[in-house]
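Structure at a glance
Single-letter residue listing:
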Amino acid sequence: MTRINLWIAIVFLLMSAACAKQESQFASEASPDFVTDVPLLEERMLSADFWIRRLARDDVRLTGEEIAAMNAASFERDPNLYDLDQFPDIMPREQVLALIDGVSRPAASPRFFTDGRPVTEETYARLEAAVQRSALPEQVPLRWGLAVRRASMRSYPTTERVLKNPDDRDLDRFQETGVFPGHRLALLHESADGKWWFAVNYHYAAWLPKSAVAEGSREQITAWEQRAPRLTVTGAQVRTNFNPEEPRTSEILLDMGVSLPLLSAREVGHNVHGQNPHASYIVSLPVREEDGSLAFEPTLIARSRDVTVGHLDYRPSLVLRQAFKFLGERYGWGHDYNGRDCTGFVGEVYQTFGILMPRNSGDQGKSDFAPTRRFAEGDDSERREALEDLSVGDLIYIPGHVMMYIGRVNGEPYVIHDVTGLSYYSSDESLYKGTLSGVSVTPLMPLRLASGKRYVDSIYAIKSIF
């Protein structure tokens, strides 16, 4: 063996020993008291680092320009995404009614209030009166706004919680999705009491409280939205700095993916609401004036917060890092409970890279916003082949749910997902039914929808965002 080859061999052995030591050290950090009813799960799997170390490659998958082109194509062809730049100044009544009818309609099955009372025909008549379809003119002039706080978009203009089952209190069936500070909104209609807007954001149309919206001109909002550079929230949630001088900007909750224009001390000076901004980012935050109109206030976000200028590089290790920032968060149907659901989870992870997608899992799974493999029922060989070919970050769709693939251990594929239930066959061949109700790491293969139906049998689409 030559001296060079001997040196290479020594380096390789040292590197292998270091990796083995690191893996062994990580395993030794596992708590002996860790107990879980999730099958095949070890405590070390609850760290992003565990999965990042298993990556074979960590190249940037798409550049910012490629992501922008992908988004543009998605908005052009996907009916579940709304390019607000292309909205007209006036919309025909029938078009607005079609959007309202998409969410404001009686359920086909029984519904119940949280106290157990049934939702009756009289209830729906009251809600229909609040919608006041008859007040829509033949030609509807559009108004524009920005969300100024985290708020719910609802099926009807009401905060009443309605359940499919009196015992299933976590899923409010009038909850559609959430909006976040800086979301642009086309305002199409208002409720009979004047307290709600029917609004459209980039991927949803529903009702939200007027108190969460500041109304401005289209030109004003477009200029703010196009301003660069921008600060992107990369933590699960961060808050603006507390300040006692301007409550509208103090400790405002910002969820992952929120993007705000950056300002400089040259523009706003060295005193922002009583604090020197040198150790913080200064952003332009939309606020609501007393008359409901839009204004912007310089606002501080400490540099120690989990934020980044621009978007993150789209690479597998960062997809894993972003996903694991939600680990353990309580499940929130339609962004309820100050959290998010399965599609809110994956959507907000990918927003930090600038990637936009439809809101609901069914719309995502049927969409072509990314390269997709689709499977017919009974197409088991194709599914098996696709599962063997998964890449970290791939999105796996079953009816009503989406999961993110994170890697493989001993041949078993693992996913991270925001999920309510847990079912699988125990060692005694009985069907175990448990609760997750949060962002969880699980193996894929053992999970079941019912006694005779595995998750994998129901996979109808897998998306690889490359």
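Predicted model only: the values in this text are computed from it and were never measured.

A word on the overall build of the protein
In terms of regular secondary structure, the protein is built from 11 helices and 26 strands. In terms of overall dimensions, the protein is globule-like: its C-alpha atoms have a radius of gyration of 24 Å, near the 23 Å expected for 466 residues. Principal-axis analysis of the C-alpha atoms places the extent of the protein at approximately 85 × 60 × 45 Å. In the protein, which comprises 466 residues, the proportion classed as buried is 51%. Accessible area for the protein stands at about 21,800 Å²; split by element, carbon and sulfur atoms hold 51% of it. Averaging the coordinates of the 51 positive side-chain charges in the protein and doing the same for the 64 negative ones gives two points 2 Å apart.

Structural notes on helix α9 (residues 342–351)
Burial analysis of α9 places 10 of its 10 residues in the buried class, the great majority of the element. Residues Cys342, Thr343, Gly344, Phe345, Val346, Gly347, Glu348, Val349, Tyr350 and Gln351 constitute the buried set of α9. Of the surrounding elements, those touching the buried residues of α9 are α8 (316–324), α10 (361–366), β20 (395–398), β21 (401–409), β22 (412–425) and β23 (431–443).

Let's talk about the UniProt feature "domain: NlpC/P60" (unreviewed entry) in the protein
UniProt's feature table lists "domain: NlpC/P60" (unreviewed entry) at residues 313–456, given in the numbering used throughout. Regarding residues 313–456, the helix share stands at 24% and the strand share at 33%, and the terminal C-alpha atoms are separated by 31 Å.

Structural notes on the packing of aromatic side chains
Geometry of an aromatic ring pair is reported as the spacing of the ring centres plus the angle between the planes. Scanning all chains against the criterion turns up 14 aromatic pairs. Ring plane angle 45° and centroid distance 6.5 Å describe the contact between phenylalanine 75 and tyrosine 202, whose orientation is recorded as tilted. Taken together, the residues span a long stretch of sequence, with phenylalanine 75 in helix α3 (residues 64–77) and tyrosine 202 in the loop between β9 (196–200) and β10 (205–209) at a distance of 127 residues. The class of tyrosine 202 is buried, set by a relative accessible area of 15%. In this structure an aromatic cluster arises from ring pairing among Phe50, Trp51 and Tyr414. It is lysine 210 that lies over the ring of tryptophan 197; its NZ or CZ is 4.3 Å from the centre. The ring of tyrosine 281 has arginine 303 lying over it, and the distance from NZ or CZ to the ring centre is 4.4 Å.

So, how was this worked out
- Residue positions are given per chain, counted from 1 along the sequence in the order it is written.
- Since the coordinates come from a predicted model, pLDDT governs what is reported: local features require at least 70, and pairs of side-chain atoms require 80 or more to be given and counted, while whole-chain, interface and lining totals use all residues.
- Computation of side-chain values: all heavy atoms of the structure, hydrogens and water removed.
- Per the convention used, a helix needs a DSSP run of H or I reaching at least four residues, while a strand needs a run of E reaching at least two, with both numbered from the N terminus.
- Radius of gyration here uses only the C-alpha atoms, and the compact-globule reference equals 2.2 Å multiplied by the residue count raised to the power 0.38.
- Throughout, exposure labels follow a simple rule: accessible area from a 1.4 Å probe, protein chains only, divided by the maximum for the residue type, with under 20% read as buried, over 50% as exposed, and the rest as partly exposed.
- Using a 1.4 Å probe, the Shrake-Rupley method yields the accessible areas, and only the shown protein chains count as cover for residues.
- Charge assignment in this entry is limited to Lys and Arg as positive and Asp and Glu as negative, and neither His nor the chain termini are counted.
- By convention, charge coordinates are those of NZ in Lys, CZ in Arg, CG in Asp, or CD in Glu.
- Only heavy atoms enter the contact rule, under which two residues are in contact if any of them lie within 4.5 Å.
- UniProt positions are given in the numbering used here, feature names are shortened, and annotations may be inferred rather than shown by experiment.
- Between 30 and 60 degrees the pair is tilted, below 30 it is stacked and above 60 it is edge-to-face, where a pair is any two Phe, Tyr or Trp rings, Trp via its six-membered ring, whose centres lie within 6.5 Å.
- For a Lys NZ or an Arg CZ to count as sitting over a ring, it must be within 6 Å of the ring centre and within 35 degrees of the ring normal.

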